[in-house]
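# Coordinate analysis (summary)
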Amino acid sequence: QVQLVESGGGLVQPGGSLSLSCAASVSIFRFNSMGWYRQALGKQREFVALITYGGTTNYDGSVVGRFTISRDGAKDTVYLQMNSLKPEDTAVYYCQSLLQSQEYWGQGTQVTVSS
């Protein structure tokens, strides 16, 4: 059974940095892709970043140049390094994986950007 567990959220001031982790219960190389999504209060969940099996990365335009997705196969973990954080980045961040047509989601971790 696939489980994804996020960690690393918290409260940070505008301009600060946070690093999120997503630990998978199986080898991350089983997945076609892994990604990060976020959902702000009262809004729909939106795409943030993803990394494919082959290592190709893709980002939403609002985070390009500020966020970086990466992975560590030895730890079966995907990371999201977030720099230059803005108040509008405040949301619950979810890890997602795609195995053929099956999606898996973590429970989410709260990121709050506020002074």
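It should be noted that the structure appears before, not after, this text.
To start, this report covers the structure provided alongside it. (Residues numbered from 1 in each chain as written. Predicted model: local features only at pLDDT ≥ 70, side-chain atom pairs only at ≥ 80, totals over all residues. Heavy atoms only, no water.)

### Looking at the overall build of the chain
A count of helices and strands for the chain gives zero helices and 11 strands. Along the chain, from the amino end to the carboxyl end, the secondary structure elements read β-β-β-β-β-β-β-β-β-β-β. Seen through its C-alpha atoms, the chain measures out along the principal axes to roughly 40 × 25 × 25 Å. Put simply, the chain has 115 residues, and 38% of those count as buried. Sequence-distant contacts, at least 24 apart, represent 53% of the contacts inside the chain between residues at least 6 apart. With an accessible surface of roughly 6,000 Å², the chain has 46% of that area assigned to carbon and sulfur atoms. Charge separation in the chain, taken as the distance between the mean sites of 8 positive and 8 negative side-chain charges, equals 1 Å. (Helix = DSSP H or I, 4+ residues; strand = E, 2+ residues; numbered from the N terminus. Buried < 20%, exposed > 50% of the residue type's maximum accessible area, 1.4 Å probe, protein only. Contact = heavy atoms within 4.5 Å. Areas by Shrake-Rupley, 256 points an atom, 1.4 Å probe, with all protein chains shown as cover. Lys, Arg positive; Asp, Glu negative; His and termini not counted. Charge placed at Lys NZ, Arg CZ, Asp CG, Glu CD.)

### Considerations on the packing of aromatic side chains
To describe a pair of aromatic rings, one takes the distance between the centres and the angle between the planes. One pass over the structure, following the stated rule, counts four aromatic pairs. Relative to Tyr53, the ring of Phe29 lies with its centre 6.3 Å away and its plane at 90 degrees, an arrangement referred to as edge-to-face. With a gap of 24 residues between them, Phe29 in the loop between β3 (18-24) and β4 (33-39) and Tyr53 in the loop between β5 (46-52) and β6 (57-59) connect regions that are remote in the sequence. Each member of the aromatic cluster is reached from another via a ring pair, and the members are Tyr37, Phe47 and Trp105. Positioned over the ring face of Tyr94 is Arg45, at 3.7 Å from the centre of the ring. One residue, Arg45, lies across the ring of Trp105, its end atom 4.6 Å from the ring centre. (Phe/Tyr/Trp six-rings, centres within 6.5 Å; stacked < 30°, edge-to-face > 60°. Lys NZ or Arg CZ within 6 Å of the ring centre and 35° of its normal.)

### Details of the side chain of Arg38
You can see Arg38 is positioned in strand β4. Judged by relative accessible area, Arg38 falls into the buried class, the value being 6%. Side chain to side chain, Arg38 and Glu46 meet in a polar contact 2.7 Å long. At 2.9 Å, the side chain of Arg38 forms a polar contact with the side chain of Tyr93. Every residue in contact with Arg38, bar those within four places of it in the chain, is listed here: Gln44, Arg45, Glu46, Val48, Ser62, Val63, Phe67, Asp89, Ala91, Val92 and Tyr93. (Polar contact = N/O pair within 3.5 Å; in protein donor to acceptor, adjacent residues only side chain to side chain.)

### Quick look at the nonpolar core
Counting residues in hydrophobic clusters, the biggest one holds 28 residues, and the most contacted among them are Met34, Trp36, Leu80, Met82 and Tyr93. Contributions of two or more residues to this core are made by β3, β4, β5, β7 (67-72), β8 (77-82), β9 (91-99) and β11 (109-113). Beyond its immediate stretch of four places on either side in the chain, Met34 contacts Leu4, Cys22, Ile28, Leu50, Ile51, Ile69, Val78, Cys95, Gln96 and Ser97. (Core = buried A, V, L, I, M, F, W, Y, C linked by side-chain atoms within 4.5 Å.)

### A short note on the pairing of β3
Counting buried residues in β3 gives five out of seven residues, a clear majority hidden from the surface. As defined by bridge partners, strand β1 (residues 4-7) adjoins β3 across four bridges and the pair is classed as antiparallel. If you follow Glu6 over to β3, its bridge partner there is Cys22. Where β3 lies against β8, six bridges are found, and the strand directions are antiparallel. Across the sheet, the residue bridging to Leu20 is Leu80, located in β8. (Pairing = 2+ DSSP bridges.)

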